[in-house]
Amino acid sequence: REYYLVLVKELGDAMLMHIGYSPQAQEAIATWPIRSLFVGGADFTRDTTRNVATEHTAYVNGLDLRTLGDKLGWQGNHSFDSWKFKDDTTTYSTQPAATHLEIDFWAKGDYSAVWDYDANNNSYKRSVGFDSAGKPIPHLDNETKQQISVKNVVVQFAKESAIQNDPKNRLDYVLVGSGSGLIFEDGKVIKATWSKADRDGRTKFYDLSGNEIQFNRGKFWVSIVADRNVAQVTYQ
């Protein structure tokens, strides 16, 4: 999707691996341009041993991608504007507690994401969908069988619209400009705003006083949610 590329461009000309593209993304890859490993000839394999849809069966080797990038002349470090980080868990201690987060996106069901705060590791564990009893299903890493966990969960509200005359009814998200959001870290929730000045600019997050958010070092999960569905993001 073209909006994926809007995010890639803020990471210093990062290489992107994908398989296929929408017509809008195909044009963007050629004209912006984007360092597309797929267009550059990257190979991939299929693992059909799991009971999943075809689009979830493709795998690539990261070392092979790096070698291909070198052959394409994409060596070197590319600077980008970093987010801010902190070393303690007390920075947002006065913010409201939020140890359980649920994102239903368009409707509650198989694609709902649930996050639960683990105070022992100061992290959030992810579940996706619900079992027959209505309990969230832990989202496990297929290799380690450990539940996925991150240090920061970001909810970014953005304008969603249908792409006109698109035969596959694809959606578009406006990720340049500004909007509202929610930041979950240290078992707290911070009401926030976000801004991205242009396609190559970094998306920055701020508290409601205008201070740039300081994150925990470690893994992030950013969920982009249609701004008309604010009520489908609940926490306590």
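Residues numbered from 1 in each chain as written. Predicted model: local features only at pLDDT ≥ 70, side-chain atom pairs only at ≥ 80, totals over all residues. Heavy atoms only, no water.

### Details of the overall build of the protein
For the protein, the helix and strand inventory stands at 3 helices and 19 strands. Rg of the C-alpha trace for the protein: 19 Å, near the compact-globule value of 18 Å for 236 residues, within the 12% margin. Buried residues in the protein amount to 36% of all 236 residues. Sequence-distant contacts, at least 24 apart, represent 55% of the contacts inside the protein between residues at least 6 apart. By element, 49% of the accessible surface of the protein is carried by carbon and sulfur atoms, the whole surface being about 13700 Å². Mean positive and mean negative side-chain charge positions of the protein (27 and 30 charges, respectively) differ by 1 Å. (Helix = DSSP H or I, 4+ residues; strand = E, 2+ residues; numbered from the N terminus. Rg over C-alpha atoms; globule rule 2.2 N^0.38 Å. Buried < 20%, exposed > 50% of the residue type's maximum accessible area, 1.4 Å probe, protein only. Contact = heavy atoms within 4.5 Å. Areas by Shrake-Rupley, 256 points an atom, 1.4 Å probe, with all protein chains shown as cover. Lys, Arg positive; Asp, Glu negative; His and termini not counted. Charge placed at Lys NZ, Arg CZ, Asp CG, Glu CD.)

### A word on the environment of Thr-90
Relative to the assigned elements, Thr-90 resides in the loop between strand 5 (84-86) and strand 6 (100-103). When the C-alpha atoms of Thr-90 and Tyr-117 are compared, they prove to be 16 Å apart, with 27 residues separating the residues in sequence.

### A few points about the sheet that holds strand 16 (residues 204-207)
Adjacent strands of a sheet pair through backbone hydrogen bonds, lying either parallel or antiparallel. Here 5 strands make up an open sheet; going across it, the order is 16-15-14-11-18 and the pairing mixed. Edge positions in the open sheet fall to strand 16 and strand 18 (220-226), since each of these has one partner strand only. Between one strand axis and the next, the sheet turns through 30° on average, direction left out of account. As judged from the 7 bridges shared by strand 11 (residues 152-158) and strand 18, these two strands associate in the parallel manner. Its bridge partner being in strand 18, Phe-157 is matched across the sheet by Val-225. (Pairing = 2+ DSSP bridges. Axes fitted to C-alpha atoms, helices over the stretch in contact; angles between N-to-C directions.)

### Description of the pairing of strand 11
By the criterion of burial, strand 11 is predominantly enclosed, with 7 of the 7 residues buried. Burial of the side chains of strand 11 extends over both faces: Asn-152, Val-154, Gln-156 and Ala-158 are buried on one face and Val-153, Val-155 and Phe-157 on the other. Where strand 11 and strand 14 (residues 177-185) come together, 4 bridges link them in antiparallel fashion. Paired with Val-154 across the bridge in strand 14 is Ile-183.

### A closer look at the pairing of strand 15 (residues 188-196)
Inspection of the sheet shows strand 14 paired to strand 15 by 9 bridges, in the antiparallel sense. Its bridge partner being in strand 15, Gly-181 is matched across the sheet by Ala-192. Counting the residues between successive antiparallel strands, the hairpin from strand 14 to strand 15 contains 2 residues, one of them, Asp-186, with a positive phi of roughly 60°. The sheet contact formed by strand 15 and strand 16 spans 4 bridges and is antiparallel.

### Quick look at the packing of aromatic side chains
Counted according to the given criterion, the structure contains 13 aromatic pairs. Taking 5.0 Å as the distance between ring centres and 85° as the angle between the ring planes, the aromatic pair formed by Tyr-3 and Tyr-4 counts as edge-to-face. Relative accessible area serves as the criterion here: at 47%, Tyr-4 is assigned to the partly exposed category. The interplanar angle of 50° and the centroid separation of 5.1 Å between the aromatic rings of Tyr-117 and Tyr-124 together place this pair among those described as tilted. Cluster of aromatic residues (ring-pair linked, three or more members): Trp-83, Phe-85, Phe-205, Phe-215 and Phe-220. Sitting over the ring of Trp-32, Arg-199 keeps its end group 4.0 Å from the ring centre. Arg-202 extends its terminal NZ or CZ atom over the ring of Trp-83, reaching a point 4.3 Å from the ring centre. (Phe/Tyr/Trp six-rings, centres within 6.5 Å; stacked < 30°, edge-to-face > 60°. Lys NZ or Arg CZ within 6 Å of the ring centre and 35° of its normal.)

### Considering the layout of surface pockets
Unfilled space is identified by rolling a water-sized probe across the atoms. Put simply, the largest pocket is a space of about 1800 Å³. Along the wall of the largest pocket there are 40 residues; nearest its centre are Arg-1, Tyr-3, Tyr-4, His-56 and Tyr-173. Contributing elements (two or more residues each) for the lining of the largest pocket: helix 1 (2-8), helix 2 (23-31), strand 8 (123-130) and strand 18. The dominant element in the lining of the largest pocket, judged by the number of residues it contributes, is strand 18, at 6 residues. Here the lining of the largest pocket is composed, by residue class, of 24 nonpolar, 8 polar and 8 charged. Here the second largest pocket defines a volume of roughly 390 Å³. (1 Å grid on protein atoms, 1.4 Å probe; cavity = no way out; pocket = protein on both sides within 12 Å on 5 of 7 lines; lining within 4 Å. Points joined across faces, edges and corners; volume = space filled by probe spheres on them. Nonpolar A, V, L, I, M, F, W, Y, C, P; charged D, E, K, R; others polar.)

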